Amino acid sequence: MTEHTLTVAGVAVDTRHWIGGRRVASAETFTDVSPLDGSALGEISRGTATEAVAAVAAAKAAFPGWAATPRAERARILHAVADGVEKRIEDLAIVETHDNAALLRSHRRGVMPRVAHNFRFFADWLLKLDHEDFETRGHTNHVSWDPAGPCVLITPWNAPLMLATWKIAPALAAGNTVILKPAEWTPLTASLLADIAADAGLPAGVLNVVQGYGAEAGNALVSHPDVRRISFTGSVPTAKAIGAASAANLVPTSFELGGKSPLLVFADADLDLAVDLAVEQYDNAGQVCLAATRILVEESIADEFTRRFAEKAAALKQGDPRDEATDLGPNIHPRQLEKIDGFVQRAIAAGARAVVGGTPNTDLGGLYYRPTLLTDVAQDSEVVQEEVFGPVLTLQTFATEREAVALANDTRFGLAATLATGDHERAERVTAQLVAGTVWVNCFFVRDLQAPFGGSRQSGVGREGGTWSFDFYCDLKNTVTAPKGWQDHG
Ligand code: NAD
């Protein structure tokens, strides 16, 4: 334990950056506050351009060695990182819950196992990554997946370690080095990951973590000329700022952004399933980019759907996310709660009806917002068009399939869409017309890491997942060799 250690539920976390295989403190700090009770978890090193420059230099120095490390050895080390994550699932889960207030049970059973899986999946995918050689007039074409160099990865607070490792694992598997800048509201599990990776034998400088604010540490990292890739998950305005910075150096970027995804419920759907799918959208207190926050229901079943939905939503248990029985915890920050309530109150002032919820849950104190369903909302209204990022859903009705598709596509986003229908042909017809990176039919949130993941329109730029991740994190090279090769030319 040092003056740079904080303790969360008995777990020690180093509060300094991790640069070039060493802990580095900054002169200034920022306070990490727990959304569980508003208590200060500790003072975190606040990175500036100085730490950003040092981290990029460390990543650049480590790059040739890591890039030249045989694929099998890189994969072995990534599996060792996964082993380390699995050994510390309990620590990671409880620390993450104190930092971002998502459910402890889902951190334990879903999120942290998935963090380990991120490393295992991309380690294994690397080993089968290939492109068959092909011939052009007797010449052989060989495509190779060359590592690109130092990658800057910038991540949000709603699923901190899961989203960070979804980027770190393929970037490292590809032979790149990494500088991660976790969100300032949730820096802790990234620090634990740095320890785990070092223990697993990841060489110094291959993974670096710089903490701090977006406008300071983040901006200095994405503006650095030695960076070869930037992968960002977060909001649209930040993506625009990062896009402008990266354009100056022509650095390829991958953006996974916000959404306003629809759930289309047709009269031929299994109504119980449709209601379950709708209520699931309150997961993580509505702070899920993929959430289908716009429920579109066929007119003939709208009353019955709304009645059953209200019943189910009322049964959700709101409370401490460490409690196994809790369904919805608090939101992340007082600013976020205020933002959520602002959307709801403006919608109500404009004529919306809160048939479920509509206010903060003051019985619980703190940062809880009641699960909310708004009806009587206009398609062009703020609450239908803008991402709320809280437990707030809207419900609109449609008369025809054509109208359903038109409403579904009528936003500036295109991250995901969910359909509830009993008609296979309808599902195919509607899916073909939807603008969305992922469509779920009669299910939600089923994710396979080999699938392309990303958003259309302002929900993102590019796709990651499986081979698509390696496309992004590699410089693809085609080598053309003459028919006689090099033997006769020596
Ligand atoms: P945000 O854009 O405010 O911040 C995200 C990260 O960017 C943070 O680490 C922040 O410090 C950093 N940042 C801010 N300004 C920066 C700058 N100028 N340069 C470099 N970095 C900068 O987003 P948030 O509020 O943390 O996250 C919520 C958003 O993320 C929502 O819009 C949500 O939909 C989106 N999200 C998308 C996905 C996806 O996969 N599509 C997943 C989760 C969250």
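Residues numbered from 1 in each chain as written. Predicted model: local features only at pLDDT ≥ 70, side-chain atom pairs only at ≥ 80, totals over all residues. Heavy atoms only, no water.

### Brief notes about the site of the ligand
Next up, step 1: In the neighbourhood of the ligand, 27 residues make up the surrounding shell, with K181, E184, S235, L257 and E387 lying closest.
Next up, step 2: E184 places a side-chain nitrogen or oxygen 2.6 Å from an oxygen atom of the ligand.
Next up, step 3: G234 places a polar main-chain atom, nitrogen or oxygen, 3.3 Å from an oxygen atom of the ligand.
Next up, step 4: With the chains in place, 88% of the 850 Å² that the ligand exposes on its own is no longer accessible.
Next up, step 5: Those elements that provide at least two residues to the shell around the ligand are α7 (214–222), β12 (229–233) and α8 (236–249).
Next up, step 6: Counting residues per element, the shell around the ligand draws most heavily on α7, at 3 residues. (Near = heavy atom within 4 Å. Polar contact = N/O pair within 3.5 Å; in protein donor to acceptor, adjacent residues only side chain to side chain. Areas by Shrake-Rupley, 256 points an atom, 1.4 Å probe, with all protein chains shown as cover. Helix = DSSP H or I, 4+ residues; strand = E, 2+ residues; numbered from the N terminus.)

### Quick look at the layout of surface pockets
Next up, step 1: Estimated volume of the second largest pocket: approximately 860 Å³.
Next up, step 2: Contributing to the lining of the second largest pocket are 36 residues, with V111, A159, M162, V288 and F445 lying nearest its centre.
Next up, step 3: Contributing elements (two or more residues each) for the lining of the second largest pocket: α4 (104–128) and α5 (160–173).
Next up, step 4: When residues in the lining of the second largest pocket are grouped by element, the largest group, 7 residues, is from α4.
Next up, step 5: Within the lining of the second largest pocket, the residues separate by chemical class into 18 nonpolar, 10 polar and 8 charged.
Next up, step 6: Two domains each donate at least three residues to the lining of the second largest pocket, and these are domain 1 (5–257 + 455–478) and domain 2 (262–441). (1 Å grid on protein atoms, 1.4 Å probe; cavity = no way out; pocket = protein on both sides within 12 Å on 5 of 7 lines; lining within 4 Å. Points joined across faces, edges and corners; volume = space filled by probe spheres on them. Nonpolar A, V, L, I, M, F, W, Y, C, P; charged D, E, K, R; others polar. Domains from an automatic or database assignment.)

### As for the side chain of Q211
Next up, step 1: Looking at the element boundaries, Q211 is found in the loop between β11 (207–209) and α7.
Next up, step 2: Among the polar contacts made by the side chain of Q211, one reaches the main-chain carbonyl oxygen of T15 at a distance of 3.0 Å.
Next up, step 3: Apart from the residues lying within four places of it in its own chain, the contact partners of Q211 are T15, R16, H17, F30, I44, S45, R46, G47, K181, P187, S191 and A217. (Contact = heavy atoms within 4.5 Å.)

### What to know about empty space enclosed by the protein
Next up, step 1: Applying the stated criterion to the full structure yields 4 cavities of 30 Å³ or more.
Next up, step 2: In this structure, the largest cavity spans a volume of roughly 70 Å³.
Next up, step 3: Looking at the largest cavity, it is lined by 13 residues, and the ones nearest its centre are P262, A408, F413, G414 and V435.
Next up, step 4: Those elements that provide at least two residues to the lining of the largest cavity are β14 (261–265) and α13 (401–409).
Next up, step 5: Looking at the lining of the largest cavity residue by residue, the class counts come to 6 nonpolar, 4 polar and 3 charged.

### A word on unusual backbone geometry
Next up, step 1: Although it is not a glycine, A9 adopts a positive phi angle of roughly 45°.
Next up, step 2: Inspection of the secondary structure puts A9 in the loop between β1 (5–8) and β2 (11–14).
Next up, step 3: Of note, the phi angle at R457 is positive, near 50°, even though the residue is not glycine.
Next up, step 4: Within the fold, R457 resides in the loop between β20 (438–441) and β21 (460–461).

### Here's the deal with the environment of Q281
Next up, step 1: Within the fold, Q281 resides in the loop between α9 (271–279) and β15 (292–298).
Next up, step 2: On a C-alpha basis, the gap between Q281 and G390 in space is 9.9 Å, while along the polypeptide they are 109 residues apart.
Next up, step 3: Setting aside chain neighbours within four positions, we find Q281 in contact with G286, A291, A292, L393 and F444.
Next up, step 4: A polar contact is formed between the side chain of Q281 and the backbone oxygen of L277, at a distance of 2.8 Å.

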